[in-house]
Amino acid sequence: YVGTRPDLVVSSKSFSESMILAHMMSDLIEENTDLTVDRRFCLGGTMICHGALVSGEVDLYPEYTGTALTAVLHQPAIGDPDEVFDKVAKAYHEQFAVEVLPPLGINNTYAIAVRRSMAKARRWEDISDLRDSADELLAGWTSEFAERPDGYPGLIKHYGFEFGEAIDFEASLMYEAAGKGRVDVIAAYSTDGRIDAYDLVLLEDDRQFFPPYYAVPMVREATLEQYPELREVLGQLTGRLDNQTMQRLNYEVDGHHRSPREVAREFLLKEGLVQ
Ligand code: PBE
């Protein structure tokens, strides 16, 4: 560091929702405490953020319960959200000295999405309905989805079929590519506002492959010991968001090109959490 070292480092992954949530947390901390926050956002994917948290380079960032369970802890997916939370909280405490704070309310699951017109024409409602045409379909998703156990490798095993071709996309470009017919199938994030904007539909995960992915603040225990007030400050976000609200906030950034920081601030103002 050049100059004064900040009290806290908050991080995020490289997509709008992660940045919006991380700004909400940072703003609340700055509003309610005297702590200085360094927003070191867009660190990269899950494993980069997780590594930085465990090494102490980062104090907190928003993560998702299902991601922690499957991609970080390599445990099999389970369907019950509370059970996922409990398993993750216990393992993070034991293995990483990280505390998982209560969920913010949104469940941002990966979801297989197709154009509405195509789903209607081919009568697709469930992921299983893609089975017979899968080898003619072009899929597009993030490199993280292509590699994670709760992504394509697991999906193939669980459903027993593969797509003809799958190409890597930047998360933010998938929706337009699907909407414009450059790809047929994407692994959307269920809280993304562009699902509706590009007239895509989410197919039902009829064989329950994906776990619940509730957004939670992950905080180093050492940080919470040093600044116990953080628990209450961040607790103001507990249960505060739902998927519909989150889709709208995400769309402010992804569709209307506003800054994640401004969108986060506006939400906190509206909720009366900052002045
Ligand atoms: N998700 C959906 C991904 C991205 C959004 C929560 C499954 C994740 O970051 O883990």
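Placed above this text is the structure.
Computed from a prediction, not measured in an experiment: that's the story for all the values here.

Turning to the pattern of salt bridges, a few remarks are in order. Within the structure shown, the criterion is met by 21 salt bridges. Across the pair Asp199 and Arg116 runs a salt bridge, and its minimum N-O distance is 2.7 Å. Residue Asp199 is located in the loop between α9 (194-197) and β9 (200-202), and its partner Arg116 is located in helix α5 (residues 116-122); the two are separated by 83 residues in the primary sequence. The exposure class assigned to Asp199 is partly exposed, which follows from its relative accessible area of 40%. The partner of Arg194 in a salt bridge is Asp192, with the nearest N and O atoms 2.8 Å apart. Judged by its relative accessible area of 9%, Arg194 is buried. A residue is classified by how much of its surface remains accessible, and Asp192, at 6% relative accessible area, is buried.

A separate point is the sheet that holds β9. Here 5 strands make up an open sheet; going across it, the order is β7-β6-β8-β5-β9 and the pairing mixed. Strands at the two margins of the open sheet, each flanked by one partner only, are β7 (165-168) and β9. This sheet shows a mean twist of 35 degrees between the axes of neighbouring strands, independent of strand direction. For strand β5 (residues 110-115) and strand β8 (residues 185-189), the ladder comprises 4 bridges, and the chain directions are antiparallel. Across the sheet, residue Tyr110 finds its bridge partner in β8, namely Tyr189.

Attention now goes to the packing of helix α2 (residues 46-55) against helix α3 (residues 65-72). Relative orientation of the contacting elements α2 and α3 amounts to 90 degrees, with a least axis distance of 11 Å. On the basis of their axis angle, the class for α2 and α3 is roughly perpendicular. Along its contact with α2, which presents Thr46, Met47 and His50, the element α3 presents Thr67, Ala71 and Val72.

With that settled, the discussion passes to helix α7 (residues 152-159). For α7, the set of buried residues is Tyr152, Gly154, Leu155 and Tyr159. Viewed along the axis of α7, the buried residues span an arc of 155 degrees, placing them on a single side of the element. Buried positions along α7 lie against β5, β6 (138-141), α6 (143-147) and β7. Note on α7: the residue one or two positions beyond its end, Gly160, has a positive phi of about 75 degrees.

In the region of the ligand, the neighbouring residues are Lys13, Phe15, Tyr64, Thr67, Asn108, Tyr110, Arg148, Tyr189 and Tyr213. The side chain of Lys13 places a nitrogen or oxygen atom 2.8 Å from an oxygen atom of the ligand. Separating an oxygen atom of the ligand from a side-chain N or O atom of Arg148 is a distance of 3.0 Å. Computed on the free molecule, the ligand has an accessible area of 280 Å², of which 99% lies beneath the protein chains in the complex. For the shell around the ligand, the residue count by class is 5 nonpolar, 2 polar and 2 charged.

Parameters and conventions
Residues numbered from 1 in each chain as written. Predicted model: local features only at pLDDT ≥ 70, side-chain atom pairs only at ≥ 80, totals over all residues. Heavy atoms only, no water. Salt bridge = Lys/Arg side-chain N within 4 Å of Asp/Glu carboxyl O. Helix = DSSP H or I, 4+ residues; strand = E, 2+ residues; numbered from the N terminus. Buried < 20%, exposed > 50% of the residue type's maximum accessible area, 1.4 Å probe, protein only. Pairing = 2+ DSSP bridges. Axes fitted to C-alpha atoms, helices over the stretch in contact; angles between N-to-C directions. Parallel < 35°, antiparallel > 145°, perpendicular 65-115°, else oblique. Contact = heavy atoms within 4.5 Å. Arc of directions from axis to C-beta. Near = heavy atom within 4 Å. Polar contact = N/O pair within 3.5 Å; in protein donor to acceptor, adjacent residues only side chain to side chain. Areas by Shrake-Rupley, 256 points an atom, 1.4 Å probe, with all protein chains shown as cover. Nonpolar A, V, L, I, M, F, W, Y, C, P; charged D, E, K, R; others polar.

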